[in-house]
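Notes for the structure review
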Amino acid sequence: MAEQLKNLYSEVYIEKLALEIKKSYKNFESKMFISSIFNTSWQDLELKARMRHIAITLNKYLPFLYKEQLEILKDIKKDFSGLEAMIFQDFVEVFGLDDFSESMKALKVFTQDSSSEFAIRQFILKYEEQTMEQMKIWSQSSNEHLRRLSSEGCRPRLPWAVALPKFKQNPSKVLEIIELLKNDKSLYVRKSVANNLNDISKDNPQLVMNFVKQNLGSSKELDWICKHASRTLLKKGDKQTLNLFNFDKSNHINLTKFCYDKSVNINENLTFSFEINSDEKIGNIRIEYAIDYLKSNKTHNRKIFMISQNEIKSSSKKFTKKQIFKNMTTRKHYLGKHFIAILINGEEILKEEFYLNDTCN
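The following paragraphs examine the structure supplied in this document.

Conventions we followed
- Residues numbered from 1 in each chain as written.
- Predicted model: local features only at pLDDT ≥ 70, side-chain atom pairs only at ≥ 80, totals over all residues.
- Heavy atoms only, no water.
- Pairing = 2+ DSSP bridges.
- Helix = DSSP H or I, 4+ residues; strand = E, 2+ residues; numbered from the N terminus.
- Axes fitted to C-alpha atoms, helices over the stretch in contact; angles between N-to-C directions.
- Buried < 20%, exposed > 50% of the residue type's maximum accessible area, 1.4 Å probe, protein only.
- Arc of directions from axis to C-beta.
- Contact = heavy atoms within 4.5 Å.
- Salt bridge = Lys/Arg side-chain N within 4 Å of Asp/Glu carboxyl O.
- Polar contact = N/O pair within 3.5 Å; in protein donor to acceptor, adjacent residues only side chain to side chain.

Comments concerning the sheet that holds strand 1 (residues 254-260)
- Spatially, 1-3-6 is the arrangement adopted by the 3 strands of the open sheet, whose pairing is antiparallel. Two strands bound the open sheet, and with one partner strand each, they are strand 1 and strand 6 (316-324). Averaged over all pairs of adjacent strands, the angle between strand axes in this sheet comes to 20°, irrespective of strand direction.

Given below as structure tokens:
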């Protein structure tokens, strides 16, 4: 079983944090700090709650003005990186909202080899104009972490983060940042640009389609951004978006030799295979499969999965896939009738039923 993310904050990690603070602030009460972290509620806290608990405890044991606290934290940040280092940004989010200038300087430091994408959003909500101007400045930085932050931080629907309702409604300020970064040399940054556009497509699909129309064909890198940014629209089978990427022709394609498990047990795989063929070159094609999962109320909920999205230069091709039916925290499977469907260029070509059984049977 995979280690839970919340366990990134292990006893070893907190002891290292206390040790580094002690080097910078000699009167730091290390033992009391560690004891306060691992209080009676610690085991019940999930990842972000643990981040917040550590940030609040840091404030308690650093009895200085905010600016002086930041100097200590900036000094030790160089020894911490990755997701777990977001405790520093969380500190700014909680205690720095009334000091825009010092907080921006701190987030600039803390985003290195980590990310300030969550913390910056509270500043966007409180100081929209000032923060977005700062993001424009960062978008022109020589440092890819800052350039990436300028895009990632203003995504309207950033996962795990508070949404930005104004930008969901009108993302014009976000698109200004995207225009500054769309030709960025860093893949790290370009991925953020594409994800930002994909967020925008969920509320303002036409704006993203317009972006694709204006930029598709400009460069290999921009083509990748356009396609990755359009993944939600493509998955929905949006005709206009499919046409933009030449996924508009499927009448010449035949689907044959479809074989699948008509019965599958919990914790086992549904295996299926099929061939596509044509009297001519198959060409540009997007192939997906959908599972219509049975719900507790006896209705079905469709999930779509990618099989292939590229140009096929031959006149036939075979595909074999499998889908695991294992209960997880994010999905519970219900016994009974489910459906599998194959989609080509957004069109459902076939749909068949199968049954999910208990492993005890």
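Having put the structure on the table, let's press on.
Notes on the sheet that holds strand 8 (residues 347-357)
- On the basis of which strands lie adjacent, the open sheet formed by 5 strands has the order 2-8-7-4-5 and mixed pairing. Across the chains shown, the open sheet's two edge strands, defined by having one partner strand only, are strand 2 (263-265) and strand 5 (300-312). Sheet twist, expressed as the average angle between the axes of neighbouring strands with direction ignored, equals 25°.
- Bridging between strand 7 (residues 336-344) and strand 8 involves 9 bridges; their strand directions are antiparallel. In the strand pairing of strand 8, Ala341 is matched with Lys351.

Some words on helix 13 (residues 205-215)
- For helix 13, the set of buried residues is Val208, Met209, Phe211, Val212 and Asn215. All buried residues of helix 13 lie within an arc of 155° about the axis, which places them on one face of the element.
- Tucked inside the fold, the buried residues of helix 13 contact helix 11 (172-181), helix 12 (187-201), helix 14 (220-229), helix 15 (231-235) and helix 16 (239-244).

Some points on the environment of Gln69
- Positionally, Gln69 belongs in helix 4 (residues 66-77).
- When its relative accessible area of 2% is taken as the criterion, Gln69 is described as buried.
- Sequence-wise, Gln69 and Leu58 are 11 residues apart; in three dimensions their C-alpha atoms are separated by 9.0 Å.
- With sequence-adjacent residues up to four places away left out, Gln69 is seen in contact with Asn59, Leu62, Phe64 and Phe91.

Details of the pairing of strand 7
- Among the 9 residues of strand 7, 8 are classified as buried, and the element is accordingly described as predominantly covered.
- Following strand 7, the chain reverses through 2 residues before pairing antiparallel with strand 8; Asn345 in that reversal takes a positive phi of roughly 50°.

Observations concerning the pattern of salt bridges
- One pass over the full model with this rule turns up 29 salt bridges.
- One salt bridge connects Arg148 with Glu117, and the closest N-O pair in it is separated by 2.7 Å. Of this pair, Arg148 sits in helix 9 (residues 144-152) while Glu117 sits in the loop between helix 6 (100-110) and helix 7 (119-126), and the two are 31 residues apart along the sequence. Glu117 shares its class with Arg148; the two are buried.
- A salt bridge links Arg302 to Asp292; the shortest N-O distance between them is 2.6 Å. Highlighted residues: Arg302 in strand 5 and Asp292 in strand 4 (residues 283-294), separated in sequence by 10 residues.
- Among the residues examined, Arg302 registers a relative accessible area of 31% and is labelled partly exposed.

Some details on the side chain of Gln89
- As for its position among the elements, Gln89 is in helix 5 (residues 86-95).
- In terms of polar contacts, Gln89 uses its side chain to reach the backbone carbonyl oxygen of Phe110, at 3.1 Å.
- At a separation of 2.6 Å, a polar atom in the side chain of Gln89 contacts the main-chain carbonyl oxygen of Ser115.

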